Every structure is written in structure tokens, then in C-alpha cells.
Amino acid sequence: MRHAITLRIGPATFRIGSAWSQPIAQLRRLYAAYPDVDGAIADFTVRLQPTSLLRRFLRPSIFITGDHGLADAAPMSLAHGLLAAEMGMNLQMALGWRRHLLLHASSVEKNGRVLVMTGESGSGKSTLAALLGERGWRFMGDEFALLDLQSGAILPFPRLVSLKNQAIGVVADAVGDARMGPLLAATAKGDIRHMMPRADAVARMDQGGMPALLLFPRFGHEAAVRELGQGEIFMRLTQASTNYVTLGEPAFAGLTRFVTAVPARAIDFPSGEAAFAMVDRLWEELA
Amino acid sequence: MSAALLVRALRDPACVAGLDASGWNGLIAAARAERLIATLAHRLDSAHIPASVRPILTDAKADAAREAQQALWEADRAALALDGLDVRVVLLKGTAYVAGALAAGQGRFIGDLDILVPRDAMPAVEKALIAAGWEWVKEDAYDDAYYRQWMHELPPMIHVDRDRMIDVHHTVLPLTARQTPDAAAMIADAIPMANGLYILSAEDRIVHSVAHMLADGDMQGGLRNLWDIYCLLPDADPAALAARAQRHGLAHHVAQARRLATALYGDGAALTLWDRLVRMRLLARDGWGRETRKALVFAFYVRSHWLRMPPLMLARHLWTKWRKGHRPQ
């Protein structure tokens, strides 16, 4: 394709091609600190192509696809090209990754031990991971945590952090504008802005750690901590995984080991400060 | 052109030894787009594969193995659902190749379960499948009537628990097509498998695959179909195949498929002008996995409809589909 970049994030390498220069230029700037793998053999190909011949030039419209794609994927405006590229990479992982159990979760690490946070979009797991990454933890990822089925370790997948709506201002205040991407206003998920992880998160993106605590955060509620039964935790994690069924029995065994070994709590929190206090306390008590 | 590279790698696996990173990226993207990645993985000798490609091919082989297992399980479930009917159920395409442990099944991508049953048994088969949990994929009165009146299969059904599709065929080509293969003869000569199911005879497997590729459809996935045919050919006796193709009205198509399979995957063959056009269509894939030669691809799309039904009927059908919002890809 006319414009292209190759990126390595954790164990996965992506070759991203685009009919337009803008998305690639933005990726080049925001992923500048990542390993230089230009021209390497990639695990996945991502394509940002015009939805039709006309839409390359006139009101440009992006169809996101690649090795793995969805025929009915909604077209995106070129103004949101960076988001399209990120979604394209996520799509390849969600549909094509087989080397680890993929959990839709954020993760951070301290002293070689990992805190995993899972929840639906809007639960605050991305924001929490991003902010903990500025407060003494190593940021490992905001979208996918990779569970190694042999060793039981969690491996990092530290792409750009995708922040939505109110979270944008909170995180931009904490990390400064230089580490923030362009504001993508009025996407299908609201306003979105990307944040570059700290240099240590990128430098150590091949180092995993053993999971020590699992949290189910929920932003916007009175502070509360709840215990969950192992059966419920197991079911929620299968729902949070895109390749649990595909990986078959090893996934069942690996997830069983994870659920029985890692203490877990559901936490509700009204603000970032409340969440930090709860995370510190639970990490102290349980991890 | 990476489809050409893919074909070369399948024909002569040792040729990948000289590939650079960009060559490998193109080969992998084309192989994935043509659903031949696991087939390629089985063909290549690990000595020629760079370390960063190895896990990609290992994953592809594992995917294919899982699909084969799933396909056999679906076949088993269908056999159970149709057990009391006293009807011959013939497995078709990928599931049949895996069930018969044929070379064509190695690394084969398998989508839906395709079965062939006698036409007069269709109502009973439909009833039994619905009773066992299969349901219609989309309720659309026009499509449903269209399938039942003109097609060679029931509208697709999906299993409510397992989310897998089944296509129930009663013959090989749409009833409106110009050729009318003898489905009853195919069923009569089918080969029994251990679990009570059947697969087509060595000759009929080829005729069926050829009919699907060259007398129907727009050659989407044609490289994979042609690879199937290439792998199926050694199992058939050439004279018996020619006679069988004649009987099904597909002698020319089978002869063309032999030429193309030999030209692309074998030792080479003399091609006609029409063969060369088909080859150009089959190789319309670039190193990003994109379809190229848009005009030619569209021409084959138009041809697929032309083959399926007479002009006036085609016009009425396309008009109805257009009003319902369908557009060619």
C-alpha cells in the first residue's frame, strides 16, 4: 500500500498499510519510542483502505481490515484514522492471536507481580492502569492482558492507551500534553485521545510477571469492595476472552489455574483518588 | 503479485528459501486471504522457514486441526439427527476430505457443513434438523422462496447451541444452471464411512469440486478449490473420470480444471485463451492480501449470475435484490 509502518507491541508484530499518509504519520510520531522493526516479517497485516474508489478522495472514508476482518465493520472518517489503525491492530489480536489466552483487561506490575483489571468499556480499567503507571507501577497494557498458558504469567501488550471523554482531561493533566496524541472528537465511542506509555513500559514490554491480584473495577459508584465466587470469576473471564473457546482445553486448564491462584475483588469507586486508596489497600492485604 | 508467489510456493516449497522479509509478508497475507495458510504450512519444509514465520505457520496448522475436529463433530451431530430417516447422507467438500483422510483435507479451511441427500428426502431431512436444533439463518420470504424454487440447496441453517452452519444440498448446481449433473447417481455410488455417513466416489468428488468452481460462483476462493482438485486428481482413474464427467454434463469443465491444476500446481500444461483468463482471475491478489484486477473480478461476478439463470430471470432477481439494498462487493 502507498503508506506503511511496521510496529512491534509485546510479542506481536503488525504491518499497517494505509491509502492515506495521515494515519501512518500519526503512528510514526506516537510509536517513535517503540523498537524499530521497519520491514520485519509481521504476525499480522492491517489495511486502512477506502470504502470505495470515490471515498479515497471525496469525504475520505476508511474500511478497516487485514488478515482478519469483519465484513460489516463500520466505516470511519479519515479524521479518526489513528483510531482506525488502533482498532485494526486490536481486531487482528482479537480474531487471530493464538499464542496466549487473551483477556480483555488492563494490567500493571510492581516487583515482578501483576495486577490485572478487567471490565467492560467505561469501567475505568484503562484510566486506572494509565494513572497507576504514573504512580510507581509499570504499565503493561490497557486493552489486552496475555495469559501464558504454560507458565501462568501475564505478558504485556503496552500499546497506546485509548482514553475516552472525561478520562482524557484527567490523564492529560497527570502526564502532560507532550505524551498525548491528537484529540479525535465525536467518534462512535465519543471523544478519544491516545496516551504514550512511559519509557519503562516500552523498554520492558517483553517482561511478564506472575498475576497477584485480579480486580473488577467499576467507575461512578459509591466506594465498595465485594468478593466473588470462583465460578463467577471464571465465567466473567471467559466472557472477557476472545480466544478462550478457540484455544480449547489448555485455555480451560490455564484459566482454572489463574482463578484458583489469584485473589479477586470487585471494586466500585467514585473518583481516581478513592480507587488508588482501594488498590493500595487490597494489594497490601491480598497480593 | 503475491497470489503467483503463493502458487509457486505450493508447487515448489523449496523456492521460499530465497524469500526476503517483504516476500514472506506478501506470501503470508496472500495465503491467509486465499485461506491456504495452513495448507502452505503443511507443505513447507521447516528448514526453509525463518524463526519469525514459524509460530505463524504453527498457529495456522493448529487452527486447521481444530476446524477438522469441529467439522467431524458437526457431521456426527447431523448423522445423529438424521439417524432414523433411512436416508443416505453424503458429506461434501472439506468435511468429506477430512472424514476420508484425503490429501485435500490436510490444512483445509472448513466453514460450513455441506451434505447431499436425495431430493425426495428433503422435507423429512429439514424437519429432522429443525427438531435437533438447527434454525434458519435469516427469515426473508423472497430468499426462502428463491432457494426452494431454483437452488440446489436449502437456505442455510445454523445450530442454535453450536453456532455452526449446515447447507443441505439435493444436487450439485442450481436447477437453473445449464448443466444438470446426475445427483442420484452420485448418491448411489457414494462410499460408506465408519459412522454411517458417506462420501462421494473419487471421480464424483472431482466433478463436484469442479462444478462448484468452474460452473457456478465467481471464483472467490478459486485457488483453494483448485488446490482441492489438484489433490483429488491422483485418486481417480483418468478414463473413469472422463466418463463420469461426461455423464454429469461437465466434461469440458473437468478437462479445464485438469489443465489449470496442472499448470498452476503441477508440471505445467498447455492453456487455452479462456484458461488464461481464468488463471488471471485466480491470481488477482497482491502482497497486502487485497483483490486486484477489479474489472476482471467484476466480470467473473457477472458471469457467475449469467451461469446460474436465464437472462430474464436474472434481471428480475437482480432488480429484486437491488431494491432490498444488496450491492455487489
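Just so it is clear, the structure is predicted and the values come from calculations on it, not from any experiment. (Residues numbered from 1 in each chain as written. Chains lettered and ligands numbered in written order. Predicted model: local features only at pLDDT ≥ 70, side-chain atom pairs only at ≥ 80, totals over all residues. Heavy atoms only, no water.)

## Some words on the overall build of chain B
- The helix and strand inventory of chain B stands at 15 helices and seven strands.
- Taken against the 2.2 N^0.38 rule, which gives 20 Å for 329 residues, the C-alpha radius of gyration of chain B at 20 Å falls within 12% of a compact globule.
- On the principal axes, the C-alpha backbone points of chain B span a range of 55 × 45 × 45 Å.
- Burial statistics for chain B: of 329 residues in total, 54% are counted as buried.
- In chain B, once contacts between residues fewer than 6 apart in sequence are set aside, the share between residues at least 24 apart is 66%.
- Here chain B displays about 14600 Å² of accessible surface, and carbon together with sulfur accounts for 55% of that area. (Helix = DSSP H or I, 4+ residues; strand = E, 2+ residues; numbered from the N terminus. Rg over C-alpha atoms; globule rule 2.2 N^0.38 Å. Buried < 20%, exposed > 50% of the residue type's maximum accessible area, 1.4 Å probe, protein only. Contact = heavy atoms within 4.5 Å. Areas by Shrake-Rupley, 256 points an atom, 1.4 Å probe, with all protein chains shown as cover.)

## Structural notes on the interface of chain B and chain A
- Contacts between the two partners involve 19 residues from chain B, matched on the other side by 19 residues from chain A.
- Of the roughly 1600 Å² buried between chain B and chain A on both sides combined, carbon and sulfur atoms contribute 51%.
- The interface formed by chain B and chain A contains three salt bridges.
- As a salt-bridge pair, arginine 99 of chain A and aspartate 59 of chain B come within 2.9 Å of each other at their nearest N and O atoms.
- Counting the contacts that link chain B with chain A gives ten residue pairs in polar contact (both at pLDDT 80 or more).
- The biggest single contributor to the side of chain B that touches chain A is helix H2 (residues 21–33) of chain B, with seven residues.
- Along the lines of polarity and charge, the residues of the side of chain B that touches chain A split into nine nonpolar, five polar and five charged. (Buried area = accessible area lost by both parts, 1.4 Å probe. Salt bridge = Lys/Arg side-chain N within 4 Å of Asp/Glu carboxyl O. Polar contact = N/O pair within 3.5 Å; in protein donor to acceptor, adjacent residues only side chain to side chain. Nonpolar A, V, L, I, M, F, W, Y, C, P; charged D, E, K, R; others polar.)

## Thoughts on helix H1 (residues 22–30) of chain A
Residues and elements named next belong to chain A.
- Those residues of H1 that sit buried are Pro23, Ile24, Leu27 and Leu30. Viewed along the axis of H1, the buried residues span an arc of 135°, placing them on a single side of the element.
- Buried residues along H1 sit against strand E1 (3–9), strand E2 (12–18), strand E3 (44–50) and helix H2 (81–96). (Arc of directions from axis to C-beta.)

## Observations concerning a nonpolar patch on the surface
Residue and element names in this part refer to chain A.
- Together, Leu54, Phe57 and Leu58 line one region of the surface with nonpolar side chains, adding up to about 380 Å² of accessible area.
- Here phenylalanine 57 lies in the loop between E3 and strand E4 (61–66).
- When its relative accessible area of 69% is taken as the criterion, phenylalanine 57 is described as exposed. (Patch = residues over 30% accessible without salt bridge, like charges linked within 9 Å, V, L, I, M, F, W, Y side chains within 5 Å.)

## Quick look at the domain arrangement of chain A
Residue and element names in this part refer to chain A.
- With domains assigned, chain A is organised as domain 1 (3–96) and domain 2 (101–286).
- Opposite the 21 residues of domain 1 that make contact, domain 2 presents 25 residues.
- Taking both partners together, domain 1 and domain 2 bury about 2100 Å²; carbon and sulfur atoms supply 69% of that area.
- Taken as a group, Leu30, Tyr34 and Met93 account for 24% of the area that domain 1 buries against domain 2, more than any other trio of residues on that side.
- At the boundary of domain 1 with domain 2, the tally comes to two salt bridges.
- In this structure, aspartate 206 and arginine 8 form a salt bridge, with 2.9 Å as the shortest nitrogen-oxygen distance.
- If you look at where domain 1 meets domain 2, you find eight residue pairs in polar contact (both at pLDDT 80 or more).
- Counting residues per element, the side of domain 1 that touches domain 2 draws most heavily on H2, which supplies six residues.
- Here the residues of the side of domain 1 that touches domain 2 sort into 14 nonpolar, four polar and three charged. (Domains from an automatic or database assignment.)

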